[in-house]
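Here is how the chains run, residue by residue.
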Amino acid sequence: MHLSKVHHIAIIGSDYEKSRHFYVDLLGFQVIRENYRAQRNDWKIDLQLDDLELELFIMKGCPRRPSYPEAYGLRHLAFHVESVEETVQELTACGIACEPIRTDEYTGKKMTFFFDPDGLPLEIHE
């Protein structure tokens, strides 16, 4: 078996406008395709940022994601940035709150977290 790369990551959001605005307008993902699926009463928005592809599903009535205590499954998404400080300034200017910057004890690199509209933790890491 030869797995060459991650093809995509799927995220479930609760609010079409908020999630699309967050990922497209604020974080800079490009829309590849966008479809309303009447049989499921949801939206599927395929997004791309460089080589990363996200499938953003907008579904009503899903249970909230538990953060504390953490649940099994995907913990967070991490994005590489050249400067955590500059990225935090840009996120803050967009109205996105970030946790305090800290140093990853294993890599020695700066990192921090922020959250999408549904509370999914997103990390920026140098």
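Structural data are supplied above this passage.
Residues numbered from 1 in each chain as written. Predicted model: local features only at pLDDT ≥ 70, side-chain atom pairs only at ≥ 80, totals over all residues. Heavy atoms only, no water.

Colleague: An account of helix α1 (residues 16–26) is requested, with residue identities and associated values reported.
Modeller: Buried within α1 we find Ser-19, Phe-22, Tyr-23 and Val-24. All buried residues of α1 lie within an arc of 165° about the axis, which places them on one face of the element. Within α1, the exposed residues directed more than 90 degrees away from the buried face are Glu-17, Lys-18 and Asp-25. One side-chain oxygen at the N-terminal end of α1 lies 3.1 Å from the backbone nitrogen of Glu-17; it belongs to Asp-15. Once α1 ends, the next one or two residues include Gly-28, with phi positive near 90°. (Buried < 20%, exposed > 50% of the residue type's maximum accessible area, 1.4 Å probe, protein only. Helix = DSSP H or I, 4+ residues; strand = E, 2+ residues; numbered from the N terminus. Arc of directions from axis to C-beta. Polar contact = N/O pair within 3.5 Å; in protein donor to acceptor, adjacent residues only side chain to side chain.)

Colleague: Summarise the sheet that holds strand β6 (residues 102–103); cite the residues concerned and give the values.
Modeller: One open sheet accounts for four strands, arranged β5-β8-β7-β6; its pairing is mixed. Because the sheet does not close on itself, it has two edges, and the strands there are β5 (77–80) and β6. Pairing geometry for strand β7 (residues 110–115) and strand β8 (residues 121–125), over five bridges, is antiparallel. Among the inter-strand pairings, Phe-114 is bridged to a residue of β8, identified as Leu-122. Sheet contacts for helix α2 (residues 84–93): β7 and β8; angle to β7, the most-contacted strand, approximately 20°. (Pairing = 2+ DSSP bridges. Contact = heavy atoms within 4.5 Å. Axes fitted to C-alpha atoms, helices over the stretch in contact; angles between N-to-C directions.)

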